[in-house]
Amino acid sequence: MAGCVFCGIVAGEVPAFRVTDEPDGVAFLDTRPVFKGHVLVVPRAHLVTLADLPAESLPGYFALVRRLAVAVEAGLGAGGTFVAINNKVSQSVPHLHTHVVPRTKGDGLRGFFWPRTRYSDDAEAQEYAGRVAAALATG
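Predicted model, so just to flag it, every value in this text is computed and none were measured.

Enquirer: Could you give an account of the sheet that holds strand β1 (residues 18–22), naming the residues involved and the relevant values?
Expert: Strand order in the open sheet formed by five strands is β1-β2-β3-β5-β4, and the pairing between neighbours is antiparallel. Across the chains shown, the open sheet's two edge strands, defined by having one partner strand only, are β1 and β4 (80–84). Each adjacent strand pair in this sheet contributes to an overall mean axis angle of 15°, direction not counted. Bridge count between β4 and strand β5 (residues 98–103): five bridges; the pairing is antiparallel. If you follow valine 83 over to β5, its bridge partner there is valine 100.

Enquirer: Summarise the pattern of salt bridges; cite the residues concerned and give the values.
Expert: A full pass over the atoms with the stated rule returns five salt bridges. Here aspartate 21 and arginine 44 are joined by a salt bridge, their closest N and O atoms 2.5 Å apart. In this pair, aspartate 21 sits in strand β1 while arginine 44 sits in the loop between β3 (39–42) and α2 (58–76), placing the two residues 23 residues apart along the sequence. A relative accessible area of 42% places aspartate 21 in the partly exposed class.

Enquirer: Explain the side chain of histidine 38 to me, using residue names and the numbers behind them.
Expert: Examined against the element boundaries, histidine 38 turns out to sit in the loop between β2 (25–29) and β3. The class for histidine 38 is buried, based on a relative accessible area of 3%. At 2.8 Å, the side chain of histidine 38 forms a polar contact with the side chain of histidine 99. With sequence-adjacent residues up to four places away left out, histidine 38 is seen in contact with Phe28, Leu29, Asp30, Pro33, His99, Val100, Val101 and Pro102.

Enquirer: Could you give me a rundown of α2, with the residues and numbers involved?
Expert: In a regular helix each residue adds 1.5 Å, so 19 residues correspond to 27 Å; α2 covers 27 Å between its end C-alpha atoms and thus fits that length. What α2 keeps buried is the set Gly60, Tyr61, Leu64, Val65, Leu68, Ala69 and Val72. Those residues of α2 that are buried lie in contact with β1, β2, β3, β4 and β5. Directly after α2, the chain includes glycine 77, whose backbone phi takes a positive value near 65°.

Cut-off values and rules
Residues numbered from 1 in each chain as written. Predicted model: local features only at pLDDT ≥ 70, side-chain atom pairs only at ≥ 80, totals over all residues. Heavy atoms only, no water. Pairing = 2+ DSSP bridges. Helix = DSSP H or I, 4+ residues; strand = E, 2+ residues; numbered from the N terminus. Axes fitted to C-alpha atoms, helices over the stretch in contact; angles between N-to-C directions. Salt bridge = Lys/Arg side-chain N within 4 Å of Asp/Glu carboxyl O. Buried < 20%, exposed > 50% of the residue type's maximum accessible area, 1.4 Å probe, protein only. Polar contact = N/O pair within 3.5 Å; in protein donor to acceptor, adjacent residues only side chain to side chain. Contact = heavy atoms within 4.5 Å. Expected span 1.5 Å × (residues − 1).

Have a look at this one:
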């Protein structure tokens, strides 16, 4: 898609520090990493959100993400990885991308990047679970 920086990287028109270029996706270093070695994995096709990824592409794409999570840990001597996708909100580039961030104990990240909250009681939690379950059943 014209104007999409990730499509430009996939096409080889925009420079990037590529980690791999495969039929299921392209992986490259994030230019503003949470930690050094932070990799972005993108599908070759211009898709905006995870919901846009065709069902037949799921196995290949997520196998690539999984392989990169293992490689980031092994290649960088990390204690683990944080793997995340933003859909729409906080998605700085409107092209589906998965973050694979190397983690080490004591690296300063605490869980998610945002404040946490609590349900007021079990009934409120059950109501939210029910709303999501109902949407899942119809979608």
